[in-house]
Amino acid sequence: MEGFDMRILASLMLVSLVLLVPQVSKSAWSNDPGTNVSVCDATGSQREVRTCSDGAGGMIVVWEDERNGASNPLIYAQHIDVNGNYRWTRNGVRVCTASGAQEFPEVDTSLGGGAVVSWTDHRGASKAVYAQRLNSEGQRMWAHSGVAVAASPGIDQAATSIADNGLGGAIVAWQDTRSGTLDVYVQKLDSLGNLQWGVSGTAVMTSGFHEYGPEIVSDGAGGIVLAWVSMTPTDSNIISGRILSNGTLDWTRQVCTASGNQNSPKIIPDGSGGGIIAWKDERNGNDDIYIQHIEDDGSRLWDRIMLILSTKAF
Ligand SMILES: [Ca+2]
Ligand SMILES: [Ca+2]
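Residues numbered from 1 in each chain as written. Chains lettered and ligands numbered in written order. Predicted model: local features only at pLDDT ≥ 70, side-chain atom pairs only at ≥ 80, totals over all residues.

**Describing the overall build of the protein**
Then, in step 1: Across its full length, the protein holds one helix and 20 strands.
Then, in step 2: Burial analysis of the protein (314 residues in total) assigns 38% to the buried set. (Helix = DSSP H or I, 4+ residues; strand = E, 2+ residues; numbered from the N terminus. Buried ≥ 20, exposed ≤ 12 C-beta atoms within 10 Å, placed from the backbone.)

Next comes the structure, spelled out in structure tokens:
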């Protein structure tokens, strides 16, 4: 009798467990390496892919898209969820409805599963910096043609990087030719896309030589940590800095001034207001990769242990 009761109890427990198992939606991920998730297979070329997390195990993808012709690339975006399913319009949503080439998009996660996007725009006679915010449905939240972050006739403003500010706004960095050499500038946008740091933006570094290729990440406090390339008469070096949420340049710091050229910095936040920076380094006569950790006060954490990740002679 006791065994019978135990069998009934076990059956009831199994039924309860089955009822408790949540409904799992069908995943689009395939185990077949020949079958992959298509983000966009529209006509024409798609390229210059950039990504960020959707904050929920999925990814937001932006790219340059030539479906309307190779001379008129446009910026598109798609949200792929944790199960590999696309969540926005098949083959992506248009980030900007303006005509004229748009190139080199950059993206960061924004409020509630949305994204902020910046790009280099050719609607005018010179290169300009535009930005857009998408909500979690992929709808454009700012002007459909994008917000002009830096668009001065006769001045090339390009090579953007964007970081969400945690409040629905963003900070955008770019390289700027207004002085006659390349300089690094930044601008802040509020949640409605309004410029916050004047019409010209805030200068980060404007020496008589070239500063270019800024890469920025949020400092977690409404500001950014950034890295860029600084040229000297003899070679190029890596510099970093921090901009506070009010636009104040908190500090700048030489990250690497080794002999030879250092280029192409990439940065991630360290979670404590600083950043970890990687770059391509030619000090040994061929391309190597080095990294450095800059703390929130600009100090170099790895002064004695700057890491060499690769010294393979390519
Ligand atoms: Ca300069
Ligand atoms: Ca150097």
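Read on, since the account is not over.
**Brief notes about the pairing of strand S3 (residues 74-80)**
Then, in step 1: With respect to burial, S3 is a largely interior element, seven of its seven residues being buried.
Then, in step 2: Here S3 shows a buried face lined by Leu74, Tyr76, Gln78 and Ile80 and a second buried face lined by Ile75, Ala77 and His79.
Then, in step 3: Inspection of the sheet shows strand S2 (residues 59-65) paired to S3 by seven bridges, in the antiparallel sense. If you follow isoleucine 60 over to S3, its bridge partner there is histidine 79.
Then, in step 4: Looking at chain direction, S3 and strand S4 (residues 93-94) are connected through two bridges and run antiparallel. Bridging across to S4, alanine 77 finds its partner in valine 93. (Pairing = 2+ DSSP bridges.)

**Section: the environment of cysteine 52**
Then, in step 1: Summarising the element assignment, cysteine 52 is placed in strand S1 (residues 46-53).
Then, in step 2: Separated by 27 residues in sequence, cysteine 52 and histidine 79 place their C-alpha atoms 9.8 Å apart.
Then, in step 3: Excluding residues that lie within four positions of it along the chain, cysteine 52 makes contacts with Ile60, Val107, Asp108, Thr109 and Ala115. (Contact = placed C-beta atoms within 7 Å.)

**Considerations on the sheet that holds S1**
Sheets are built from strands paired through backbone hydrogen bonds, the pairs being either parallel or antiparallel.
Then, in step 1: An order of S1-S2-S3-S4 is seen for the four strands of this open sheet, with the pairing classed as antiparallel. Single-partner strands in this sheet number two, and they are S1 and S4.

**Side note on the pairing of S2**
Then, in step 1: Counting buried positions along S2 gives six out of seven residues, so the element sits mostly inside the fold.
Then, in step 2: Looking at chain direction, S1 and S2 are connected through six bridges and run antiparallel. Across the sheet, the residue bridging to serine 53 is methionine 59, located in S2.
Then, in step 3: Hairpin geometry of S1 and S2 is characterised by an intervening segment of five residues between the two adjacent antiparallel strands and by a positive phi of about 80 degrees at glycine 55.

**Some words on the sheet that holds strand S7 (residues 128-134)**
Then, in step 1: With antiparallel pairing, the four strands of this open sheet are ordered in space as S5-S6-S7-S8. With one partner strand each, in any of the chains shown, strand S5 (102-110) and strand S8 (147-150) form the two edges of the open sheet. Put simply, the sheet's adjacent strands are angled 30 degrees from each other on average, direction ignored.
Then, in step 2: Relative to S7, strand S6 (residues 114-121) runs antiparallel, the two sharing seven bridges. (Axes fitted to C-alpha atoms, helices over the stretch in contact; angles between N-to-C directions.)

**Description of the nonpolar core**
Then, in step 1: Counting 62 residues, the largest nonpolar core has Ala77, Val117, Tyr130, Ala131 and Val172 as its most contacted members.
Then, in step 2: Examining the composition of this core, we find that six residues originate from one element, strand S14 (residues 224-231), more than from any other.
Then, in step 3: When residues are assigned to domains, this core turns out to be shared by domain 1 (39-158 + 185-199) and domain 2 (209-314), each giving three or more. (Core = buried A, V, L, I, M, F, W, Y, C linked by C-beta atoms within 7 Å. Domains from an automatic or database assignment.)

**A few points about unusual backbone geometry**
Then, in step 1: A positive phi angle, close to 60 degrees, is found at alanine 159, a residue other than glycine.
Then, in step 2: Mapped onto the fold, alanine 159 is located in strand S9 (residues 157-164).
Then, in step 3: With 21 C-beta atoms counted inside 10 Å, the residue alanine 159 sits in the buried group.
Then, in step 4: With a phi angle near 55 degrees, serine 264 is a residue other than glycine that sits in the positive phi range.

**With respect to the environment of isoleucine 267**
Then, in step 1: Within the fold, isoleucine 267 resides in strand S17 (residues 262-269).
Then, in step 2: Take isoleucine 267: there are 26 C-beta atoms within 10 Å of it, and that puts it in the buried class.
Then, in step 3: Each C-alpha atom of the pair isoleucine 267 and alanine 278 lies 6.4 Å from the other, and the pair is 11 residues apart in sequence.

**Structural notes on the environment of asparagine 286**
Then, in step 1: With respect to the helices and strands, the residue asparagine 286 is situated in the loop between strand S18 (275-281) and strand S19 (288-294).
Then, in step 2: Note: C-alpha distance between asparagine 286 and glycine 260 (26 residues apart in sequence) is 9.6 Å.

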